[in-house]
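# Structure at a glance
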Amino acid sequence: MVAVDRLLIVTSSPRLPAGLLSWAAWEALRSGPVYALDPTDSQAQAVRAAGVDVQGAPADAAAFRELARGSRTVVWLAGPDGDPAFVAALEDLVVADPEADLETVVGSWDPPGGRLLDVVAVMDRLRSPGGCPWDAEQTHQSLAPYLLEESYELIEAIELDDLAHLREELGDVLLQVAFHSRLAEERPGLGRFSIDDVAADLVAKLIRRHPHVFAGREVASAADLAANWEAIKAAEKRRESVTDGVPLGQPALALAAKLQRRAQKAGVEVGPPAGDDLGARLFALVGAAVAAGEDPEAALRATARAYRDAVRAAEGTSADG
């Protein structure tokens with residue numbers, strides 16, 4: 001077997017702590033001299049602290065390739081972005097060089113959800129001094145209309161079954177979560193919290209409300225699951241009425257349906273408000289939909305959308321315009 005010049009590139013995720021590398025990566029780092037574009041960054045410092053020296057980068061990719069002449073091994077410790085320009089130049093040099101072998105060793109992969117850390121980092125940049133003036137001026141109150149608008153746009157993407165649009169709108173809603181969490185973190189005094197607190201509360205709630213998954217509680221049916229869920233929520237919220245916690249600011253049709261579903265689930269038998277006015281008639285119609293297991297808000301939205309399309313067709317305009 002003919003010996004070749006070995007050039008190793010060790011990559012790692014910037015979303016994991018420096019020094020948290022695979023066994024293969026540590027073997028590679030100890031197989032020859034190690035170079036890096038920035039020998040002072042956190043990953044290089046962690047490697048150096050483990051007893052492996054990291055030297056400054058040679059002049060260019062060609063100079064780095066020359067370091068491996070004579071069947072030697074040299075290692076490139078890639079920076080947080082993977083050093084794409086350097087790696088591309090090195091690949092171009094090696095592709096037609098039978099004496100050189102270029103290998104990428106993955107030191108660490110992004111963990112699931114790792115990109116959420118980027119959301120936090122970008123939000124920090126936007127709100128920090130020297131960031132975006134518009135973002136710096138926002139408050140919970142000023143952002144509230146955007147949250148409502150983005151939520152409606154997300155619902156529209158779901159109704160259209162448009163995955164590309166759905167993906168984008170989920171990102172916009174996630175931005176609102178990150179933004180409000182950052183604002184709360186900046187507030188002085190008691191009650192302030194960060195996005196980590198929001199995530200921790202969510203995890204705790206999910207575990208608490210799924211004892212059949214996390215605590216080994218057996219359930220016989222979907223009805224048992226629903227009953228357990230309601231009992232756990234009631235104990236958590238300490239609500240006096242089944243209507244407590246229903247946001248009165250939601251659209252009237254959805255509000256009427258939510259109140260009637262709550263009463264129906266709790267076995268509270270209350271007829272619709274008396275009267276022959278439009279509100280009473282609409283409320284009774286919502287009750288009929290709830291009793292039939294239908295979503296009146298979704299049904300009316302579908303009908304309204306069909307009406308919109310019919311109007312546009314009559315005008316001779318596109319339904320997507």
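Here, every reference points to the structure presented above.
Here we summarise the structure given alongside this text.

In this section: the pairing of strand E4 (residues 73–77). E4 sits mainly inside the fold: 5 of its 5 residues count as buried. Here E4 shows two buried faces, one formed by Thr73, Val75 and Leu77 and the other by Val74 and Trp76. Taken together, the 5 bridges between strand E1 (residues 5–11) and E4 define a ladder with parallel strand orientation. Counterpart to Arg6 in the pairing with E4 is Thr73. As paired strands, strand E2 (residues 34–36) and E4 are joined by 2 bridges and run parallel to one another.

Here we take up the packing of helix H5 (residues 115–127) against helix H8 (residues 163–186). The N-to-C vectors of H5 and H8 enclose an angle of 55°; their axes lie 10 Å apart at closest approach. Judged by the inter-axis angle, H5 sits oblique to H8. Of the two possible hands of crossing, H5 and H8 adopt the one that is right-handed. Taken together, the residues of H8 that come into contact with H5 (itself represented by Leu116, Val119, Met123, Asp124 and Arg127) are Leu174, Leu175, Ala178, Phe179, Arg182, Leu183 and Glu186.

With respect to the secondary-structure elements, Pro273 resides in the loop between helix H12 (252–266) and helix H13 (278–291). Linking Pro273 and Lys233, residues 40 residues apart in sequence, is a C-alpha distance of 28 Å. Excluding anything up to four places from it in sequence, Pro273 contacts Ala280 and Phe283.

For sheets, the rule is that strands pair by backbone hydrogen bonds, running either parallel or antiparallel. Taken in spatial order, the 5 strands line up as E3-E2-E4-E1-E5 in an open sheet, and their pairing is parallel. Looking at the sheet topology across the chains shown, the edges are occupied by strand E3 (54–56) and strand E5 (100–106). Each strand of the sheet is rotated relative to its neighbour by a mean of 30°, with strand direction disregarded. The pairing of E2 with E3 spans 3 bridges and is parallel. Within the sheet, the bridge partner assigned to Val34 lies in E3 and is Val54.

Remark: helix H7 (residues 140–160) packs on H8, axes separated minimally by 9 Å, with the N-to-C direction vectors making an angle of 160°. Comparing the axis directions of H7 and H8 gives the class roughly antiparallel. Considering only the axes of H7 and H8, their crossing is left-handed. From H7, His140, Leu143, Tyr146, Leu147, Glu150, Ser151, Glu153, Leu154, Ala157 and Ile158 reach across to H8, where they touch His165, Leu166, Glu169, Leu170, Asp172, Val173, Gln176, Phe179, His180, Leu183 and Ala184. A class-by-class count of the residues in the contact of H7 with H8 yields 12 nonpolar, 5 polar and 4 charged.

Evaluated as defined, the whole model comprises 5 aromatic pairs. Judged by centre distance (3.7 Å) and plane angle (15°), the rings of Trp76 and Phe86 are stacked. Here Trp76 is found in strand E4, whereas its partner Phe86 is found in helix H4 (residues 84–94), with 10 residues between them in sequence. The class of Trp76 is buried, set by a relative accessible area of 0%. With a relative accessible area of 13%, Phe86 lands in the buried category.

Let us now look at a nonpolar patch on the surface. Taken together, the side chains of Leu116, Leu174, Val177, Phe193 and Val198 present a nonpolar region at the surface, about 360 Å² in accessible area. Looking at where Val177 falls in the secondary structure, it is placed in helix H8. Overall, Val177 belongs to the partly exposed group, its relative accessible area being 37%.

Taking 1.5 Å of rise per residue, 15 residues should cover 21 Å, and H12 covers 21 Å from first to last C-alpha, within 8% of that figure. Looking at H12, one finds that the buried residues are Ala254, Leu255, Ala256, Ala257, Gln260, Arg262 and Ala263. On its buried face, H12 sits against H13 and helix H14 (296–315). Of the residues trailing H12, Gly267 is marked for its positive phi of about 75°.

Definitions and limits used
- Residues numbered from 1 in each chain as written.
- Predicted model: local features only at pLDDT ≥ 70, side-chain atom pairs only at ≥ 80, totals over all residues.
- Heavy atoms only, no water.
- Buried < 20%, exposed > 50% of the residue type's maximum accessible area, 1.4 Å probe, protein only.
- Helix = DSSP H or I, 4+ residues; strand = E, 2+ residues; numbered from the N terminus.
- Pairing = 2+ DSSP bridges.
- Axes fitted to C-alpha atoms, helices over the stretch in contact; angles between N-to-C directions.
- Parallel < 35°, antiparallel > 145°, perpendicular 65-115°, else oblique.
- Left-handed = near helix turned anticlockwise from the far one by under 90°.
- Contact = heavy atoms within 4.5 Å.
- Nonpolar A, V, L, I, M, F, W, Y, C, P; charged D, E, K, R; others polar.
- Phe/Tyr/Trp six-rings, centres within 6.5 Å; stacked < 30°, edge-to-face > 60°.
- Patch = residues over 30% accessible without salt bridge, like charges linked within 9 Å, V, L, I, M, F, W, Y side chains within 5 Å.
- Areas by Shrake-Rupley, 256 points an atom, 1.4 Å probe, with all protein chains shown as cover.
- Salt bridge = Lys/Arg side-chain N within 4 Å of Asp/Glu carboxyl O.
- Expected span 1.5 Å × (residues − 1).

Interpretation in functional terms is not warranted from these geometric data alone.
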